[in-house]
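Spelled out, the chains give:
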Amino acid sequence: MFNDIGALELVTIVVLGILVFGPDKLPKVIQDVTGFIRKVRAFSDSAKNDIRSELGPEFKDFEFEDLNPKTFIRKQLTENEDLKEIRTSFDLRKELSDVSEAVKSSEADAAPASPAAAATPAVTGPDLLKKPAAPAPEERSRFDADAT
């Protein structure tokens with residue numbers, strides 16, 4: 001419950017307790033606080049047991065910590081058999097090596113056989129890197145097609 005309280009915080013709480021309640025009343029206050037914490041824990045445990053008994057035998061392995069969204073998602077991702085199967089069947093390294101082999105083989109096929117062929121590039125379609133020439137004034141439209 002108080003796992004994140006360090007030594008400095010604990011010393012500060014004790015000093016404040018001594019200053020507020022005094023050294024003679026502090027043990028009684030500590031007893032009252034610990035008794036209250038025990039009652040709250042007992043009440044929450046009995047409420048959990050009542051809820052489990054009301055839910056029935058199909059929810060015998062139900063844990064209230066699973067209602068936390070982070071825990072629920074983590075549990076679903078690790079225990080879902082379909083996801084485990086997908087995770088094991090998908091090998092990213094194999095997929096990447098297949099793609100790189102395909103690219104290398106297409107580059108090897110496209111490599112020119114002679115130096116003369118290397119000097120004249122083969123034109124397979126329009127050069128997309130060049131800016132198109134401006135159309136003649138009579139061919140231009142009155143409206144910008146990209147703006148509308």
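Residues numbered from 1 in each chain as written. Predicted model: local features only at pLDDT ≥ 70, side-chain atom pairs only at ≥ 80, totals over all residues. Heavy atoms only, no water.

K.L.:
Break down the overall build of the protein for me, citing the residues and quoting the values.
P.N.:
When its secondary structure is counted, the protein shows 6 helices and 0 strands. The N-to-C order of helical and strand elements in the protein reads α-α-α-α-α-α. Going through the 148 residues of the protein one by one, you find that 4% of them count as buried. In the structure as shown, the protein presents an accessible area of about 14,000 Å², 62% of it carried by carbon and sulfur atoms. (Helix = DSSP H or I, 4+ residues; strand = E, 2+ residues; numbered from the N terminus. Buried < 20%, exposed > 50% of the residue type's maximum accessible area, 1.4 Å probe, protein only. Areas by Shrake-Rupley, 256 points an atom, 1.4 Å probe, with all protein chains shown as cover.)

K.L.:
So, the pattern of salt bridges: which residues are in play, and what are the values?
P.N.:
Throughout the structure, instances matching the rule amount to 2 salt bridges. K28 serves as the salt-bridge partner of D32, at 3.1 Å between the closest nitrogen and oxygen. Here D32 pairs with K28, and both are found in helix α2 (residues 26-55), just 4 residues apart, close to one helical turn. The partner of K94 in a salt bridge is D98, with the nearest N and O atoms 3.5 Å apart. Residue K94 and its partner D98 are located together in helix α5 (residues 92-110), separated by 4 residues, close to a single helical turn. (Salt bridge = Lys/Arg side-chain N within 4 Å of Asp/Glu carboxyl O.)

K.L.:
Go over α2 with me, naming the residues and quoting the values.
P.N.:
The end-to-end C-alpha distance of α2 is 44 Å, a good match for the 44 Å that 30 residues give at a rise of 1.5 Å each. G56 lies just past α2 and shows a positive phi near 100 degrees. (Expected span 1.5 Å × (residues − 1).)

K.L.:
Now, about helix α1 (residues 7-21): what can you tell me, with residues and values included?
P.N.:
Its 15 residues give α1 an end-to-end C-alpha distance of 21 Å, which sits within 8% of 21 Å, the value for a rise of 1.5 Å per residue. Where α1 ends, the next residue or the one after it, G22, has phi of about 90 degrees, a positive value.

K.L.:
Tell me about a negative patch on the surface, residues and numbers included.
P.N.:
A cluster of acidic residues, D61, E79, E81 and E85, forms a negative patch at the surface. Position of E79 among the secondary structure elements: in helix α3 (residues 69-79). (Patch = residues over 30% accessible without salt bridge, like charges linked within 9 Å, V, L, I, M, F, W, Y side chains within 5 Å. Lys, Arg positive; Asp, Glu negative; His and termini not counted. Charge placed at Lys NZ, Arg CZ, Asp CG, Glu CD.)

K.L.:
Give a detailed account of the confidence of the model for the protein, specifying residues and quantitative values.
P.N.:
Summary statistics for the protein give a mean pLDDT of 78 and a share of 78% for residues scoring 70 or more. The element-level mean pLDDT for the protein is lowest in helix α6 (residues 115-119), coming to 52, with α2 highest at 91. (pLDDT = per-residue confidence, 0-100.)

K.L.:
For a nonpolar patch on the surface, give the residues involved together with the corresponding values.
P.N.:
Among the surface-exposed residues, V11, V15, L16, L19, V20 and F21 lie close enough to one another that they form a single nonpolar patch of about 590 Å² accessible area. Along the chain, L19 turns up in helix α1. Given a relative accessible area of 65%, L19 falls into the exposed group.

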